[in-house]
Amino acid sequence: MSSIRVRFAPSPTGYLHIGGLRTALYVYLFARKHSGQLVLRIEDTDRTRFVPDAEADILKGLKWSGIDYDEGPDVGGKYGPYRQSERTELYHKYAAQLVENGEAYYAFDSAEDLERMRERTGTGYNAKTRASMNNSLVLSSDEVNRLLEDPSVEHVIRLKVPENQKVTFDDVCRGTIEFATEEIDDQVLIKSDGLPTYHMANVVDDHLMEISHIIRGEDWLPSTPKHVLLYRALGWETPVLAHLPLILSPTGGKLSKRKAEKSGIHVFVSDYIDAGYEPEAVVNFLALLGWNPGTEQEIFTMSELVEAFSLDRVGTSGVQFDKNKLDWINEQVIHGLQPSDVLDRLEGTFNVEGYDRSYHERVIEILLPRAGKLMEIPGQADYFFVDPSDYDEAVVAKRWKADSAKFVRAFSEKVHAVDRWEGERLHGVMEGLTKDLEVGFGKLILPVRLAITGLGSGPGIFDVMELIGKDTTLRRLGNIIERLG
RNA sequence: GCCGCGUUCGUCUAGGGGUUUAGGACGCCGCCCUUUCACGGCGGUAACACGGGUUCAAAUCCCGUACGCGGUACCA
């Protein structure tokens, strides 16, 4: 295999699923690791389940995640078009070739015919049953031609699956897998609406697009023998196969929308965007969900992932989605960010008039270590910009004692005399005061925190006072004495 | 039902015949730090599904059972 070409081939029957993104990521990592090409192919052959804005959502999700591709519907490429709905002639050409060679045949059975046959035989459309059906294997060629030309009669093209054979293939993640052809039905290749099924389209496109490795979810494993048979019938080489373990819901089973939501998990990538996760965190989490580097590293940049990735360290068993771990990774990621970067990521959501960029960055620096998601920061930053309009009642009840006003006043007086306005010095001032007054630190710091922020907990209060400045600090200390006495 | 795939702490996993009193991470619990809440640091809890083989030796190899997951469409 000289050049590596892989594809991510989502179907626009729904928005980009978190499991789909994981597949895309692994495909991407594999491509970049081996300096290969990544193709995005839209598999829109199901008209009935088509969702109009799904493709845009898929593109958006990939872009957000930092997964870029070399060829695709929006970037072009010499193997296009990259939407299967635009490639219909191709599938017809090869389907006709298969019919010509006796590897496939026309079938005219109605949905009711099929249902009756299944009830009667308890089996599918296969070597045992095809002789009893309406198809070009049993009908005369005159009759077949007549039916094909009759616009009131619908037809499909089916693969003629050989009898009593073993289909064997190697999977990079699982080794050799064998199926008996008796287990495989005569798969429809071209549907009565003229569009190909997944099986046909995927084989034709992977071959024409010179895909070297098929990396996809384990749910495709059972239909892989059909594809192998198709490659064989068309005289083409089968790409290398790798089936990824499925992502399971914490309650078991495929991570469906229903189950996921019950467990407080999002299924769509757009939900993760909306929930305020950083793309690096989602990517990092997904990378570790079914793959491991073989080292103890947990936090990776995308390029570190590319460097470390290999298909043979991908697991084989289904993996449960663990929201705790995602949250932890998101925390690790954001705690490593520079304040100016954070401000950029917060875009327009954190921009208080009258305060410059560096002031905002200082606020972020103070708040960031205690944030789980960046979007929490603006909502926690009020007291950096305006005096508290009221004081947390529970904290007042618990912490504001009869002597609190006295201590705040004492602190206020000492602070008044400070000219080099630094958090360290303010801390020193308070320490000195606790000694003079012979009281515990808590007697002073809690009421002061309440005065400055209106809250009972938060970041280091001396850092806050340093940033908001002397005037504001003194004003707030005065305010609380006035209001709570 | 049938076919396929899988099975190490609650979860993600390391390990692939002797290096293992089975290692790491998340979570949980405790301690320290901070006289706040977090962050951080330290420590603890907790697993080889079961039964047979093979072997001097099995979490590791083989078979069976159980359980889980997937597939069984003119859906992908």
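These figures come from a predicted structure and were not determined experimentally.

Procedures and definitions
- Residues numbered from 1 in each chain as written.
- Chains lettered and ligands numbered in written order.
- Predicted model: local features only at pLDDT ≥ 70, side-chain atom pairs only at ≥ 80, totals over all residues.
- Heavy atoms only, no water.
- Pairing = 2+ DSSP bridges.
- Helix = DSSP H or I, 4+ residues; strand = E, 2+ residues; numbered from the N terminus.
- Axes fitted to C-alpha atoms, helices over the stretch in contact; angles between N-to-C directions.
- Patch = residues over 30% accessible without salt bridge, like charges linked within 9 Å, V, L, I, M, F, W, Y side chains within 5 Å.
- Areas by Shrake-Rupley, 256 points an atom, 1.4 Å probe, with all protein chains shown as cover.
- Salt bridge = Lys/Arg side-chain N within 4 Å of Asp/Glu carboxyl O.
- Lys, Arg positive; Asp, Glu negative; His and termini not counted.
- Charge placed at Lys NZ, Arg CZ, Asp CG, Glu CD.
- Buried < 20%, exposed > 50% of the residue type's maximum accessible area, 1.4 Å probe, protein only.
- Contact = heavy atoms within 4.5 Å.
- Domains from an automatic or database assignment.

Caption draft 1: The arrangement of the sheet that holds strand β4 (residues 156-159) in detail. As summarised here, the arrangement of the three strands in space is β3-β4-β7, forming an open sheet in which the pairing is antiparallel. Of all strands in the sheet, those bounded by a partner on one side alone are β3 (104-107) and β7 (188-190). On average, each strand axis in the sheet is tilted by 40 degrees relative to the strand beside it, whichever way the strands run. Where β3 lies against β4, four bridges are found, and the strand directions are antiparallel. Bridge pairing links A104 to L159 in β4.

Caption draft 2: Looking closely at a negative patch on the surface. The grouping of E424, E431, D463 and E466 at the surface amounts to a negative patch. When contributions to the negative patch are tallied by element, the ones reaching two or more residues are α18 (423-437) and α20 (461-468). As for its position among the elements, D463 is in helix α20. Taking the relative accessible area as the measure of exposure, D463 reaches 36% and is therefore partly exposed.

Caption draft 3: Here's a closer look at the side chain of N135. Tracing the backbone through its elements, the reader meets N135 in the loop between α4 (111-121) and α5 (141-149). Each residue touching N135, except ones within four places of it in the same chain, is listed here: Y105, Y106, A107, F108, Y125 and R130.

Caption draft 4: Spotlight on the domain arrangement of chain A. Entries for chain A in the domain assignment read domain 1 (1-73 + 245-336), domain 2 (89-190), domain 3 (339-377) and domain 4 (387-484). Centre-to-centre, using C-alpha coordinates, domain 2 lies 61 Å away from domain 3.

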